[in-house]
Amino acid sequence: QVQLVESGGGLVQAGGSLRLSCVASGRTFSTYTMAWFRQAPEKEREFVARISWSGNTIYYADSVKGRFTISRDNAKNTMYLQMNSLKPEDTAVYYCARKRLESVGYIQQANYDSWGQGTQVTVSS
């Protein structure tokens, strides 16, 4: 079973930036589509962005499009989320996830079989 470890969260003022990282264990990272989700207090976990195994196909939630950039370095077994122009409504625990090989969709949590423990991002106004 793969282990996913997120880091890079913290407290930032509105308009600021953070870069999250997700490091995966094992040798199969480069064969999987990966994604970022987030969960704000008392809200459902929601899709943020996803990136194909090659990095060539990327999707974003409308709420982060133009502000967040997802990327990956397969040689380092690492995925990133560059977050710019942060808003208070971006405050959440951010999770990285590995997509099931057989799954077609990418927005629902059920499409993913492995999750990290999460990293807290807090944006003050």
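Relevant structure appears above.
On a predicted model such as this, the values are computed, not experimentally measured, just so you know.

**Focus on the packing of aromatic side chains**
One pass over the structure, following the stated rule, counts 6 aromatic pairs. Grouped by ring-pair contacts, the aromatic residues Phe-37, Phe-47, Tyr-59, Tyr-106, Tyr-112 and Trp-115 constitute a single cluster. Positioned above the aromatic ring of Tyr-106 is the side chain of Arg-50, whose terminal nitrogen or guanidinium carbon lies 5.3 Å from the ring centre. Sitting above the plane of the Tyr-32 ring, Arg-98 keeps its charged end 4.0 Å from the centroid.

**Section: the sheet that holds strand β1 (residues 4–7)**
Strand order in the open sheet made by the 4 strands is β1-β3-β8-β7, with antiparallel pairing throughout. Bordering the open sheet on either side are β1 and β7 (68–73), each of which pairs with just one other strand. With direction set aside, neighbouring strand axes in the sheet form an average angle of 15 degrees. Sheet topology places β7 next to strand β8 (residues 78–83); 6 bridges connect them, and they run antiparallel.

**Some details on the pattern of salt bridges**
All chains considered together, the criterion is met by 5 salt bridges. A salt bridge links Arg-38 to Glu-46, with the nearest nitrogen and oxygen atoms 2.7 Å apart. Close ionic contact of Asp-90 with Arg-38 constitutes a salt bridge, the shortest N to O distance being 2.9 Å. A residue pair is termed long-range when its members are at least 10 positions apart, and Asp-90 in the loop between β8 and β9 (92–99) and Arg-38 in strand β4 (residues 34–39) qualify at 52 residues. When its relative accessible area of 1% is taken as the criterion, Asp-90 is described as buried. Arg-38 sits in the buried class, given a relative accessible area of 5%. One network of salt bridges, with partners in common, ties together Arg-38, Glu-46, Arg-67 and Asp-90.

Reading guide: rules and limits
- Residues numbered from 1 in each chain as written.
- Predicted model: local features only at pLDDT ≥ 70, side-chain atom pairs only at ≥ 80, totals over all residues.
- Heavy atoms only, no water.
- Phe/Tyr/Trp six-rings, centres within 6.5 Å; stacked < 30°, edge-to-face > 60°.
- Lys NZ or Arg CZ within 6 Å of the ring centre and 35° of its normal.
- Pairing = 2+ DSSP bridges.
- Helix = DSSP H or I, 4+ residues; strand = E, 2+ residues; numbered from the N terminus.
- Axes fitted to C-alpha atoms, helices over the stretch in contact; angles between N-to-C directions.
- Salt bridge = Lys/Arg side-chain N within 4 Å of Asp/Glu carboxyl O.
- Buried < 20%, exposed > 50% of the residue type's maximum accessible area, 1.4 Å probe, protein only.

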